Amino acid sequence: MVTVCVASRNPVKIRGTERAFRKILGVDVEVIPIEVSTSVRQPISIDQVIKCAIERAERAREAHTCDFAVGVEAGIWIVEVRGYGQIPINTHVAAVLTKDDTLSLGIGPSFPIPEDMYSMITTHHKELSKVVEEVLGVRDIGRDIGLVGILSGGKVKREDLVYYAVAMALLGITSRYY
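Asker: Can you walk me through the overall build of the chain in this structure?
Answerer: Helices and strands together make up the secondary structure of the chain, namely six helices and six strands. Going from N to C terminus, the chain has its helices and strands arranged as β-α-β-α-β-β-β-β-α-α-α-α. Taking 178 residues into account, the globule formula puts the C-alpha radius of gyration at 16 Å, and the chain, at 16 Å, falls close to it. Counting across all 178 residues of the chain, residues that qualify as buried make up 44%. Restricting to contacts in the chain with at least 6 residues of sequence separation, those with at least 24 account for 61%. Side-chain charges of the chain comprise 21 positive and 22 negative groups, with the mean position of each set lying 3 Å from the other.

Asker: Looking at this model, I keep getting lost on the layout of surface pockets. Mind explaining?
Answerer: Picture a little ball the size of a water molecule; that probe, rolled over the atoms, points out where space is still empty. There is about 730 Å³ of room inside the largest pocket. If you go around the largest pocket, you meet 33 residues; those closest to its centre are N10, K13, E127, S129 and R158. Residue assignment for the lining of the largest pocket shows that the elements contributing at least two residues are β3 (68-81), β4 (85-98), α4 (128-136), α5 (146-151) and α6 (158-174). Considering each element in turn, the lining of the largest pocket owes the most residues, four residues, to α4. Split by residue class, the lining of the largest pocket holds 11 nonpolar, 10 polar and 12 charged.

Asker: Looking at this structure, I do not really get unusual backbone geometry. What am I missing?
Answerer: Excluding glycine, residues mostly have negative phi values, and the peptide bonds linking residues are mostly trans. In this structure, D101 takes a positive phi of about 75° despite not being glycine. Tracing the chain through its elements places D101 in the loop between β4 and β5 (103-107). Its identity is not glycine, yet H125 carries a phi of approximately 55°, on the positive side. Within the secondary structure, H125 is located in the loop between α3 (115-124) and α4. Of the residues examined, H125 reaches a relative accessible area of 70% and is grouped as exposed.

Asker: Got a minute to help me understand the pairing of β4 in this structure?
Answerer: Successive side chains on a regular strand alternate, one facing one side of the sheet and the next facing the other. Most of β4 is tucked away: 11 of the 14 residues are buried. Sheet topology note: the β3/β4 ladder contains 14 bridges and is antiparallel. Note that in β4 the partner of W77 across the bridge is I89. The turn linking β3 back onto β4 is made up of three residues, and G83 within it adopts a positive phi angle of 90°. Across two bridges, β4 lies against strand β6 (residues 111-112) in antiparallel orientation. Its bridge partner lying in β6, I89 is registered against P112. Direction of pairing for β4 relative to β5: antiparallel, over a ladder of five bridges. If you follow V93 over to β5, its bridge partner there is I107. Connecting β4 to the next strand, β5, in antiparallel fashion are four residues, including D101 with a positive phi near 75°.

Calculation criteria
Every chain is numbered independently, its residues counted from 1 as its sequence is written. At least 70 in pLDDT is required for a residue's local features to be given in this predicted model, at least 80 for side-chain atom pairs to be given and counted, and no such filter applies to totals for whole chains, interfaces and linings, which use all residues. Side-chain measures were taken over the full set of non-hydrogen atoms in the model, leaving aside hydrogen atoms and water. Strands are runs of DSSP state E lasting at least two residues, helices are runs of H or I lasting at least four, and both sets are numbered from the N terminus onward. Here the radius of gyration uses the C-alpha set of atoms, whereas the globule reference equals 2.2 Å times the residue count to the power 0.38. Here the term buried applies to any residue with accessible area under 20% of the maximum for its type, exposed to any over 50%, and partly exposed to those in between, with areas from a 1.4 Å probe on protein chains only. Residues count as neighbours in contact if any of their non-hydrogen atoms are within 4.5 Å of one another. For this count, His and the chain ends are skipped, Lys and Arg are scored as positive, and Asp and Glu as negative. A charge is said to be at NZ when it belongs to Lys, at CZ for Arg, at CG for Asp and at CD for Glu. Cavity and pocket criteria rest on a 1 Å grid covering protein atoms alone: a 1.4 Å probe that fits but cannot get out defines a cavity, protein on both sides within 12 Å along at least 5 of 7 lines defines an open pocket, and an atom within 4 Å of a point defines a lining residue. Grid points are joined across faces, edges and corners, and a volume is the space filled by probe spheres set on the points. Amino acids are sorted into nonpolar (Ala, Val, Leu, Ile, Met, Phe, Trp, Tyr, Cys and Pro), charged (Asp, Glu, Lys and Arg) and polar (every other residue, Gly among them). Criterion used throughout: strands pair if DSSP finds at least two bridges between them.

Geometry only, nothing functional implied.
Okay, here's the thing in structure tokens:
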């Protein structure tokens, strides 16, 4: 059995992280949710998303002794595509820290954000969840299927994005090639 401190009380992040550890490590997992804050409220660059994921993992590790500390952060980054302009992309980054201070990062599947929502985030300095609530009337979307769940008609859920981000981060710790 391994203990995993997850830097969130969000059930989507907890379930996605637990699934990844069970699948990749093939062991029983005890998840310890730990509420932490980050220095950026709504990350809007890939650097900010990575920074916040690492901050979460570090703060979880400081708060409790575990075999692994995991920080998962979602945010938006802009891809500049010649001939098509700027495309806002939502992504999940996972930072996994071991007891011996090894850090590995993973990025989950990403998807484009509707331009009107991105504009509200940047113009009015709002978090994506608040914009989804205003535009679509759905509350606490990040604790459920996520915007990806709405955009995909429920075919892909936020938990899936968390799972893949954490699973990719675990490769840097578990694969013999690193």
